[in-house]
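# Coordinates in review
Residues per chain, in single letters:
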Amino acid sequence: MANTQEETDSNQFIKPQETDFEPSTIHNENLHQNGSATTQENSSHHNTNISYEEEIYGEDSHVIERVRTTVNSVNSKVQHLVEWENTLHSGTALASILAFLIFTAYNSLFNTFCFLALAVIGIDWIYVFATKQFKTLFNQPAANPHDDFIRNPPRISRKSLDPYIDIWVDLLNFGLAEGTKIIFVEDPYRSLKYVGIFYVVWTVASWFSFRSIFGTIVILGFAVPKLYKQNQEVVDRHVTHAHGLVRSHLDRGLEIASARLKPYIEKGKSFAASSGVFQGDNTKKAE
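Structure report, in brief. Predicted, not measured: the structure shown is a model, and the values here were computed from it.

## Structural notes on the overall build of the chain
- Across its full length, the chain carries twelve helices and zero strands.
- Traced from its N-terminal end to its C-terminal end, the chain shows the element sequence α-α-α-α-α-α-α-α-α-α-α-α.
- Looking at the chain as a whole, 9% of its 287 residues qualify as buried.
- In the chain, 48% of the contacts between residues at least 6 apart in sequence involve partners at least 24 apart.

As structure tokens, then:
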């Protein structure tokens, strides 16, 4: 009896076991979960406001600005040439491009490279052999005159190429983004414009060679901007009038096509309703 009394007394002084989650801990975890959910909602709401380019590039969306800067720089240089702001630069560029086209029309680039490699290596071999033989006549060490270049060959620094590689990668990504917009018809008129451009290029390419087309583009590129600048008002007026006519005819064609297809669409809907295609969907909705 004494032992049972002691056990009961000791059981009265046993501390209750501590639970794994105290009320304060549970409250803090609920606040943390609510805060994370709110953060996710805010981030998802913020993501809906970002642009198409930012979705593609993600954290590297600043590359768009670099691409625009690069394109603007190239455009300014090309504009400087085609508008003949410096006659010497423009004339030299035009003459060089036309000379290259004429040369490649009669000579292969691969054959030209092989001939230049043969000439350079052969002439240099004769020079090195003659120099060594000449030094041996005067009891001098027959050293290669190009020893300095052989010991320290020219190298390309990776750091110097990194900016150009970044520019080309940015341009490629930007081109892929714009191509995606055109192929998947973000703007119907813009995609239709490119359809017309590629159709014209494909048709002309079946008639003329690439060299002839490229040469014509170069000549027109150096001639048209100068002529346009001299007759800008007249050309702009005609271009605006032609653009309005094309847009109006295109809109009218789409309206006529939709009006002619409307009876067939209505017949298809009535046939589908009579055959019970839509009845199953209505019954499911009613249920």
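## Details of helix 10 (residues 210-230)
- In this model helix 10 runs 30 Å from its N-terminal to its C-terminal C-alpha over 21 residues, within 8% of the 30 Å that 1.5 Å per residue would give.
- Bending of helix 10 peaks at approximately 25 degrees at the position of glycine 221, with proline proline 225 no more than four residues after it.
- Within helix 10, the full set of buried residues consists of Gly215, Val218 and Phe222.

## Quick word on the packing of aromatic side chains
- Enumeration according to the criterion identifies five aromatic pairs in this entry.
- Measuring from ring centre to ring centre gives 6.0 Å for tryptophan 84 and phenylalanine 222, while their planes differ by 75 degrees; the resulting arrangement is edge-to-face. With tryptophan 84 in the loop between helix 4 (63-82) and helix 5 (87-106) and phenylalanine 222 in helix 10, this residue pair connects regions lying 138 residues apart in the sequence.
- A relative accessible area of 26% places tryptophan 84 in the partly exposed class.
- A ring pair is formed by tyrosine 199 and tryptophan 202, whose centres lie 6.1 Å apart and whose planes are at 55 degrees; its orientation type is tilted. Placement of the pair is tyrosine 199 and tryptophan 202 together in helix 9 (residues 188-205), with a separation of three residues, close to one helical turn.
- Given a relative accessible area of 51%, tyrosine 199 falls into the exposed group.
- For arginine 247, the ring lying beneath its charged end belongs to tyrosine 189, and the centroid distance is 3.7 Å.

## Digging into the pattern of salt bridges
- The final tally for this structure, using the stated rule, is four salt bridges.
- For aspartate 148, the salt bridge goes to arginine 151, with nearest N and O atoms at 4.0 Å. Of this pair, aspartate 148 and arginine 151 both sit in helix 7 (residues 147-151), three residues apart, which is roughly one turn of that helix.
- With relative accessibility at 61%, the residue arginine 151 sits in the exposed group.
- Among the salt bridges present, the one from arginine 190 reaches glutamate 178, with a minimum N-O distance of 2.8 Å. Pair noted here: arginine 190 is in helix 9 and glutamate 178 is in helix 8 (residues 158-183), with a separation of twelve residues, a long-range link.
- The partly exposed category is assigned to arginine 190, whose relative accessible area is 26%.

## Concerning a nonpolar patch on the surface
- On the surface, a cluster of nonpolar side chains totalling about 680 Å² of accessible area is made up of Ile156, Leu161, Tyr164, Ile165, Trp168 and Val169.
- Tracing the backbone through its elements, the reader meets tryptophan 168 in helix 8.

## Details of helix 8
- Relative to the 38 Å expected for 26 residues at 1.5 Å per residue, helix 8 spans 36 Å between its end C-alpha atoms, a close match to the ideal helical length.
- Where helix 8 is concerned, the buried positions are Asp170, Ala177, Glu178, Lys181 and Ile182.
- A distance of 3.4 Å separates the backbone nitrogen of lysine 159 from a side-chain oxygen at the start of helix 8, and that oxygen is part of serine 157.
- Looking at the residues trailing helix 8, positive phi occurs at valine 185, about 55 degrees.

## Considering the packing of helix 8 against helix 9
- Relative orientation of the contacting elements helix 8 and helix 9 amounts to 100 degrees, with a least axis distance of 8 Å. Taken together, the axis directions place helix 8 and helix 9 in an arrangement best described as roughly perpendicular. Seen from helix 8, the contacting residues are Glu178, Lys181 and Ile182; seen from helix 9, they are Arg190, Ser191 and Tyr194.
- Among the residues forming the contact of helix 8 with helix 9, the class breakdown is two nonpolar, one polar and three charged.

Reading the values: rules and limits
Residues numbered from 1 in each chain as written. Predicted model: local features only at pLDDT ≥ 70, side-chain atom pairs only at ≥ 80, totals over all residues. Heavy atoms only, no water. Helix = DSSP H or I, 4+ residues; strand = E, 2+ residues; numbered from the N terminus. Buried < 20%, exposed > 50% of the residue type's maximum accessible area, 1.4 Å probe, protein only. Contact = heavy atoms within 4.5 Å. Expected span 1.5 Å × (residues − 1). Bend = angle between axes of the 7 residues up to and from the residue. Phe/Tyr/Trp six-rings, centres within 6.5 Å; stacked < 30°, edge-to-face > 60°. Lys NZ or Arg CZ within 6 Å of the ring centre and 35° of its normal. Salt bridge = Lys/Arg side-chain N within 4 Å of Asp/Glu carboxyl O. Patch = residues over 30% accessible without salt bridge, like charges linked within 9 Å, V, L, I, M, F, W, Y side chains within 5 Å. Areas by Shrake-Rupley, 256 points an atom, 1.4 Å probe, with all protein chains shown as cover. Polar contact = N/O pair within 3.5 Å; in protein donor to acceptor, adjacent residues only side chain to side chain. Axes fitted to C-alpha atoms, helices over the stretch in contact; angles between N-to-C directions. Parallel < 35°, antiparallel > 145°, perpendicular 65-115°, else oblique. Nonpolar A, V, L, I, M, F, W, Y, C, P; charged D, E, K, R; others polar.

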